[in-house]
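# Topology and contacts: notes
Next come the chains, spelled out residue by residue.
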Amino acid sequence: MPIYIANDPADLFRHVSAEKAVFYRCIMDVFAAAKRQYRLQLRPDEVLAEARSDAAEFV
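Residues numbered from 1 in each chain as written. Predicted model: local features only at pLDDT ≥ 70, side-chain atom pairs only at ≥ 80, totals over all residues. Heavy atoms only, no water.

Pairs can form between side chains of opposite charge once their charged atoms are near each other. As enumerated under the stated definition, the model contains 4 salt bridges in all. Close ionic contact of Arg-39 with Glu-50 constitutes a salt bridge, the shortest N to O distance being 3.1 Å. Of this pair, Arg-39 sits in the loop between helix H2 (21-36) and helix H3 (44-55) while Glu-50 sits in helix H3, and the two are 11 residues apart along the sequence. Using a relative accessible area of 29% as the deciding quantity, one classes Arg-39 as partly exposed. Overall, the relative accessible area of 25% leaves Glu-50 in the partly exposed class. Among the ionic pairs, Glu-46 bridges to Arg-43, the shortest N-O distance being 3.9 Å. Beyond isolated ion pairs, a larger network of salt bridges with shared partners links Arg-39, Arg-43, Asp-45, Glu-46 and Glu-50. (Salt bridge = Lys/Arg side-chain N within 4 Å of Asp/Glu carboxyl O. Helix = DSSP H or I, 4+ residues; strand = E, 2+ residues; numbered from the N terminus. Buried < 20%, exposed > 50% of the residue type's maximum accessible area, 1.4 Å probe, protein only.)

These figures come from the coordinates and say nothing about function on their own.
As structure tokens, this is what we get:
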């Protein structure tokens, strides 16, 4: 898998104005919460379940 390196600093925040910004924010929140809780591994189904519960707040 190739690693993408942003040439433009604005690329680092592209998720903020993207079409699916709410979903990206929810997924990032899941990983931030896991880091605060010292959770070392997240399975895709866990991320999806937690992101869905976060997304329900925005709907």
